[in-house]
Amino acid sequence: MAAALLLRGLCRARPALRPPPAELLRAPRRGHRLTPADDELYQRTHITVLQREAPHAAYIDSYNPRGFVVNGNRVFGPCALLPHSVLQWNVGSHVDITEESLSLFWMLEPPIEIVVVGTGDRAERLPPRVLRAMRQRGIAVEVQDTPNACATFNFLCHEGRVTGAALIPPPGGTVLAPLAHDAE
């Protein structure tokens, strides 16, 4: 019986926490070449950023009947957005869009892949000769109402596509509210 109590006491006994011996706290001394297994212990950590926001990409923050806010800058009236710049665009309505008014998009290097055209509060048809001229130069044209054109342009820029936009502000009550960080 005494042996059973002793065994039961040993099984239930908790080991005392002792500090590790001093020789385990020191770094190991190595007088030999490291093996691949040893090298795994000493590898450095590398961080690779997969995608950064392009600081030069243009994003449309908001729009209203008077113009647009592009990367925090106000642009009044119709505008042409290029990969690295914003220009005033000398058109009054979709009727004024011609080959000449879109010619700035095919003069750029690297060439623009797609031009998003915002024609105001409704999607309007462009003349076939204008679309044909852009297609002959290898530029796709997407004609939409301005609210959808702004969203499409932002999406294409976020994808990293070389894109441009020709935008006419929507008249009337169509307004995209500025983002929260713009208000600060």
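Everything numeric in this text was worked out from a predicted model, so none of it was measured. (Residues numbered from 1 in each chain as written. Predicted model: local features only at pLDDT ≥ 70, side-chain atom pairs only at ≥ 80, totals over all residues. Heavy atoms only, no water.)

A. Molecular detail of the sheet that holds strand β4 (residues 79-82). A sheet is described by the order of its strands in space; here five strands give the open sequence β5-β4-β8-β6-β7, paired in mixed fashion. Across the chains shown, the open sheet's two edge strands, defined by having one partner strand only, are β5 (85-88) and β7 (140-144). Adjacent strand axes in the sheet meet at a mean angle of 15° when their direction is disregarded. Bridge count for strand β6 (residues 114-119) against β7 is five bridges, and the pairing is parallel. Directly across from Val115, in β7, lies its bridge partner Val141. (Pairing = 2+ DSSP bridges. Helix = DSSP H or I, 4+ residues; strand = E, 2+ residues; numbered from the N terminus. Axes fitted to C-alpha atoms, helices over the stretch in contact; angles between N-to-C directions.)

B. Up close: the confidence of the model for the protein. Confidence along the protein averages 77 in pLDDT terms, with 63% of residues attaining 70 or more. Every residue in residues 45-51 is under pLDDT 50, and counting partners more than four places away or in other chains gives one contact. In the model, residues 179-184 has pLDDT below 50 throughout and makes two contacts with residues more than four positions away in sequence or in other chains. (pLDDT = per-residue confidence, 0-100. Contact = heavy atoms within 4.5 Å.)

C. View of the nonpolar core. Grouped together as the largest cluster of nonpolar side chains are 19 residues, with contacts concentrated most on Ile60, Phe68, Leu81, Phe153 and Leu167. Within the residue set of this core, elements represented by two or more residues are β1 (60-64), β2 (67-70), β4, β6, α6 (146-158) and β8 (163-168). The next biggest cluster of nonpolar side chains, apart from the first, holds 16 residues, and it includes Ile112, Leu126, Ala166 and Ile168. (Core = buried A, V, L, I, M, F, W, Y, C linked by side-chain atoms within 4.5 Å. Buried < 20%, exposed > 50% of the residue type's maximum accessible area, 1.4 Å probe, protein only.)

D. The arrangement of the state of the cysteines in detail. Overall, the coordinates contain zero disulfides when judged by the stated rule. Between Cys150, a free cysteine, and Cys79, which holds the nearest cysteine sulfur, the sulfur-to-sulfur gap is 7.8 Å. (Disulfide = S-S within 2.5 Å.)

E. The arrangement of the pattern of salt bridges in detail. Enumeration over the complete set of coordinates arrives at three salt bridges. Between Arg161 and Glu113 there is a salt bridge, and its shortest N-O distance comes to 2.7 Å. Of this pair, Arg161 sits in the loop between α6 and β8 while Glu113 sits in the loop between α4 (99-102) and β6, and the two are 48 residues apart along the sequence. Taking relative accessible area as the criterion, Arg161 reaches 35% and is therefore assigned partly exposed. (Salt bridge = Lys/Arg side-chain N within 4 Å of Asp/Glu carboxyl O.)

F. Here's a closer look at helix α5 (residues 128-136). Among all positions of α5, only Val130, Ala133 and Met134 are buried. All buried residues of α5 lie within an arc of 95° about the axis, which places them on one face of the element. Of the exposed residues in α5, those oriented more than 90 degrees away from the buried face are Pro128, Arg135 and Gln136. (Arc of directions from axis to C-beta.)

G. Fine view of unusual backbone geometry. Following Glu109, the chain continues to Pro110 via a peptide bond in cis, the omega torsion being 0°. Considering the arrangement of structural elements, one finds Pro110 in the loop between α4 and β6. A positive phi is found at Asn71, a non-glycine position, where the angle reads about 50°. Mapped onto the fold, Asn71 is located in the loop between β2 and β3 (73-76).

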